[in-house]
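Descriptive structure summary
Take a look at the letters that make up each chain.
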Number of protein chains: 2
Amino acid sequence: MTRRDSIAASLRDDIAAGGWAPGDQLPTEGALAARFGVNRHTVRAALAVLAEDGLVHARRGAGTFVAAKPAAYPLGRRVRFHQNLAGRAPEKRMLSLETRAATERESAALTLTPGAQVHVLDGISLADGRPIALSQSCFPADGLEQLPDALRADPSVTAALKACGVSDHVRVESRIDARVADALQAGLLEVKVGAALARVTSINADGDGRRVEWGRTWFVGERVTLVVDHP
Amino acid sequence: MTRRDSIAASLRDDIAAGGWAPGDQLPTEGALAARFGVNRHTVRAALAVLAEDGLVHARRGAGTFVAAKPAAYPLGRRVRFHQNLAGRAPEKRMLSLETRAATERESAALTLTPGAQVHVLDGISLADGRPIALSQSCFPADGLEQLPDALRADPSVTAALKACGVSDHVRVESRIDARVADALQAGLLEVKVGAALARVTSINADGDGRRVEWGRTWFVGERVTLVVDHP
DNA sequence: TGGAATTTGTGCGTATGTATG
DNA sequence: CCATACATACGCACAAATTCC
């Protein structure tokens, strides 16, 4: 066990024991070097081990901070935002809502006839007061005429669909890739431009198999872990 | 439909019809502007629409190129690399293989006693000759003594486990988040530093429920789409 | 608004212990 | 026993970002 590893283990224990809470600033590298009686480089190596595990996060000029635990977001047949983030103070805000003709891509995903009308909802999701995801949902307008009014009353998709007579909806497929945040996304999500986002494209159907939602969600990589169980 | 959108749709059709193959260079923006009889700015707006969808990729000073279609990589109970990428010339190369004491994190993931030995395999995966992922797999050494020899003979994890008497293994859980590539990863994956990677952490168990592999895989965001079916 | 102080990030040189051949 | 390579650790200096007055 090198000196670096033992220092890393010691700091890890302190964090696990609650010595520092998520978001707290650790002592400076210089202070830690003095406490452990080693060179600052050695402390930096130890902190790098913890950063590799995502346990701490250094900001140049500011300090090193205990990372907030990423929110676990289950991806399954039934994805319900508020249930998924129970205990993390989930919050959803509407950014825009419009009804327009579907793009080629949208009509293909929802198996609509070209030029059909769709409702498009843009929103932002928060957990513990921090933005965790941007989302765009696309619904066929045909059969869901009341959806915009319902969404304006309550931004919950599940509740709005229920108000339109869709009592249940299930996710058929999720496709996931990774993208970097552009300036617009970065501003809304309160991350730097170039931060990694996990993009999830999903198709949701009602009880009869009719596709009722095509959604794309951009999750902040360092704040959310998507969890897939394989039963 | 704006002129921009009609040009974008026209180019999209050409690409879909095979007019240009993945990797091909499109005509210059000036040439396209002349062909469609519009200003170069309009062509740029149309190309931006396609780039937004990941269909083309512009490189300053070089030109605009048709993006290679991302490989679909199913995430399910049975994840087998070669089957997953059938038709995309899957290839797996071993980067390193060592046996050492498990870190705290590794022994927790594999439910090992602290200090137990593990085999650690680093590898790189390619499809169609391009790197698509880096992976690190961690196996308990206890009960899998022959694994390193088997892996050196054949880098396939499934084959190596079979050689050690594990006839079948299934994925229990996948956790996904997004990270940016560091210099080492970028070099190996042939992407730029800062490119978005989808990181998948998975736990695999044998028929008796014993955890036999803890793996982490970093997929190049723009070359792979992870697909999760929700049956 | 500005500028000093603080803090992390980076580079270079040096030294030591441990394998390897 | 020597030469080499590698990882670890130390010391010093400066750059870059942030904070604070």
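Per chain, the residues get numbers from 1 upward, laid out in the order the sequence is written. Here the convention is simple: chains get letters from A, ligands get numbers from 1, in the order in which they are written. Reporting of local features is limited, given that this is a predicted model, to residues whose pLDDT is at least 70; pairs of side-chain atoms are given and counted only at 80 or more, and all residues count toward the totals for whole chains, interfaces and linings. Side-chain measures here rest on the full set of heavy atoms in the structure, leaving out hydrogens and waters.

Assignment of secondary structure puts E173 of chain A in strand 7 (residues 169-180). Here the term buried applies to any residue with accessible area under 20% of the maximum for its type, exposed to any over 50%, and partly exposed to those in between, with areas from a 1.4 Å probe on protein chains only. What makes E173 of chain A buried here is its relative accessible area of 19%. A polar contact is formed between the side chain of E173 of chain A and the side chain of R175 of chain A, at a distance of 3.5 Å. The contact rule is simple, with two residues in contact once any of their heavy atoms fall within 4.5 Å. Look past the residues within four positions of E173 of chain A in its chain and what remains in contact with it is T201, S202 and I203 of chain A together with V227, V228, D229 and H230 of chain B. Under the DSSP-based scheme used, a helix requires at least four consecutive residues in state H or I and a strand at least two consecutive residues in state E, with every element numbered from the N terminus. Polar contact is the term for a pair of N or O atoms within 3.5 Å; when the atoms are in protein, one must be able to donate a hydrogen and the other to accept it, and sequence-neighboring residues count only if both atoms are side-chain atoms.

Here we take up the nonpolar core. As used here, the term nonpolar core means buried Ala, Val, Leu, Ile, Met, Phe, Trp, Tyr and Cys residues forming a set that is joined through side-chain atoms within 4.5 Å. Residues Y73 and L226 of chain A together with Y73 and L226 of chain B are the most contacted members of the largest nonpolar core, which totals 36 residues. Sequence-distant contacts of L226 of chain A, that is, excluding residues within four places in its chain, are made with Y73, L75, I176, A198, V200 and F219 of chain A together with S174, R175 and I176 of chain B.

Residue and element names in this part refer to chain A. To be near a molecule or strand, a residue needs just one of its heavy atoms within 4 Å of it. In the region of DNA strand C, the neighbouring residues are T28, E29, R40, H41, R44, A58, R59, R60, G61, G63 and T64. One of the side-chain N or O atoms of R44 is found 2.9 Å from a phosphate oxygen in DNA strand C. For DNA strand C, a base oxygen lies 3.4 Å from a polar atom in the backbone of G61. Within the residue set of the surface near DNA strand C, elements represented by two or more residues are helix 3 (40-52), strand 1 (56-59) and strand 2 (63-66). At 3 residues, the largest contribution of residues to the surface near DNA strand C is made by helix 3.

This brings us to the sheet that holds strand 7 of chain A. Between any two strands, at least two bridges found by DSSP are needed for them to pair. If you trace the 8 strands from one edge of the open sheet to the other, you get 4(A)-5(A)-6(A)-9(A)-8(A)-7(A)-10(B)-3(B), paired in mixed fashion. The two strands at the open ends of the sheet, each matched to only one other strand, are strand 4 (91-101) of chain A together with strand 3 (71-74) of chain B. For this sheet the average axis-to-axis angle between neighbouring strands, irrespective of direction, equals 20°. Looking at chain direction, strand 3 of chain B and strand 10 (residues 224-229) of chain B are connected through 4 bridges and run parallel. Looking at the pairing, Y73 of chain B lines up with L226 of chain B of strand 10 of chain B. The convention used is that axes are lines fitted to C-alpha atoms, helices contributing only their stretch in contact, and that angles between N-to-C directions extend from 0 to 180 degrees.

Turning next to the interface of chain B and chain A. Chain B puts 35 residues into the contact, and the matching count from chain A is 33 residues. Taking both sides of the interface into account, the surface hidden between chain B and chain A amounts to around 2,800 Å²; carbon and sulfur atoms contribute 51%. Summed over the shared surface of chain B and chain A, the number is 10 residue pairs in polar contact (both at pLDDT 80 or more). Only helix 1 (3-16), helix 5 (104-109), strand 7 (169-180), strand 8 (196-206) and strand 10 of chain B provide two or more residues apiece to the side of chain B that touches chain A. Sorting elements by how many residues they give to the side of chain B that touches chain A places strand 7 of chain B first, with 10 residues. The nonpolar class holds Ala, Val, Leu, Ile, Met, Phe, Trp, Tyr, Cys and Pro. Asp, Glu, Lys and Arg form the charged class, and all remaining residues, Gly among them, are polar. Considered class by class, the residues forming the side of chain B that touches chain A number 16 nonpolar, 6 polar and 13 charged. As paired elements, strand 10 (residues 224-229) of chain A and strand 7 of chain B share 4 bridges and run antiparallel to each other. In the sheet register, D229 of chain A faces strand 7 of chain B, and the bridge partner there is E173 of chain B. By convention, the term buried area covers the 1.4 Å-probe accessible surface removed from two parts as they join, with the contributions of both added.

This next bit is on a nonpolar patch on the surface. By definition, no residue in a patch forms a salt bridge, and every one has over 30% relative accessible area; like charges are joined within 9 Å, nonpolar side chains (Val, Leu, Ile, Met, Phe, Trp, Tyr) within 5 Å. Under the convention used here, a 1.4 Å probe and the Shrake-Rupley method define accessible areas, while residue burial counts only the protein chains that appear. Basic side-chain nitrogens of Lys or Arg form a salt bridge, by our definition, when they fall within 4 Å of a carboxyl oxygen of Asp or Glu. A contiguous nonpolar surface patch, about 280 Å² in accessible area, is contributed by L95, L184 and L188 of chain A. Relative to the helices and strands, L188 of chain A resides in helix 8 (residues 183-189).

With that settled, the discussion passes to the sheet that holds strand 4 (residues 91-101) of chain B. Taken in spatial order, the 8 strands line up as 3(A)-10(A)-7(B)-8(B)-9(B)-6(B)-5(B)-4(B) in an open sheet, and their pairing is mixed. Each end of this open sheet is capped by a strand with a single partner; those strands are strand 3 (71-74) of chain A together with strand 4 of chain B. Strand-to-strand, the axes of this sheet are offset by a mean angle of 20°, without reference to chain direction.

Residues and elements named next belong to chain A. The full set of residues close to DNA strand D is T2, R3, R4, V38, N39, R40, H41, T42, R59, R60, G61 and A62. One nitrogen or oxygen atom from the main chain of R3 is found 2.5 Å from a phosphate oxygen belonging to DNA strand D. For DNA strand D, a phosphate oxygen lies 3.0 Å from a polar atom in the side chain of R4. For the surface near DNA strand D, the secondary structure elements donating two or more residues are helix 1 (3-16) and helix 3.

Residues and elements named next belong to chain B. This model, assessed by the stated rule, comprises 24 salt bridges over all chains. Put simply, R44 and E29 hold a salt bridge, and the shortest N to O gap is 2.9 Å. Of the two residues, R44 is situated in helix 3 (residues 40-52) and E29 in helix 2 (residues 29-36); the sequence distance between them amounts to 15 residues. Here R44 falls in the partly exposed class, since its relative accessible area comes to 44%. R100 is the partner of E98 in a salt bridge, and the nearest nitrogen-oxygen pair spans 3.2 Å.

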